[in-house]
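# Tertiary structure, described
One letter stands for each residue in the lines below.
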Amino acid sequence: MLRFRSAEVSSASAARGFVKSVVEEHARTSPVDERAVMDLMLVVSELVTNAIRHGDGLAGFEVAVEREGLRLRVHDYSDTVPSAAYGPGTLPQTHEGSGYGWPLIIRLTREIRIDHRREGGKTVSVLAPLT
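### Comments concerning the overall build of the protein
- Along the backbone of the protein there are 3 helices and 5 strands.
- The secondary structure elements of the protein, listed N-terminal to C-terminal, are β-α-α-β-β-α-β-β.
- Taken over C-alpha atoms, the radius of gyration comes to 14 Å for the protein, in line with the 14 Å a tight globule of 131 residues would show.
- In terms of overall dimensions, the protein has a C-alpha envelope of 40 × 35 × 25 Å along the principal axes.
- Counting over 131 residues, the protein shows a buried share of 44%.
- By sequence separation, contacts in the protein at least 24 residues apart represent 57% of the contacts at least 6 residues apart.
- Averaging the locations of the 16 positively and 17 negatively charged side chains of the protein gives two centres separated by 3 Å.

Thresholds applied
Residues numbered from 1 in each chain as written. Predicted model: local features only at pLDDT ≥ 70, side-chain atom pairs only at ≥ 80, totals over all residues. Heavy atoms only, no water. Helix = DSSP H or I, 4+ residues; strand = E, 2+ residues; numbered from the N terminus. Rg over C-alpha atoms; globule rule 2.2 N^0.38 Å. Buried < 20%, exposed > 50% of the residue type's maximum accessible area, 1.4 Å probe, protein only. Contact = heavy atoms within 4.5 Å. Lys, Arg positive; Asp, Glu negative; His and termini not counted. Charge placed at Lys NZ, Arg CZ, Asp CG, Glu CD.

Structural data, given as structure tokens:
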């Protein structure tokens, strides 16, 4: 059973700080790849920013360390599932200010799940490798 740790965060920066502390603690006893951690920080930023911008606000943020990496759960208030969430991860042909987040998340994570929350909104869960 995974042990999720919750954090009261209201920005991508705060979420990255929390994740960084969890990864540093984990790295004391297990190998962690620096490049994987950089990718993880990008994923954290994208998921939290998406919740704030497109998900009617951030309703919660949780992380759990597991053998394969770090599991992130980002809760928001919107029931809308992004159409790009289960796409191929293809980057947009032109830069129009957005549209890069989900392709990056798809490319850098594993086991993407989106579940509707009983109280409304949704939870986006991803597994990000640490090695």
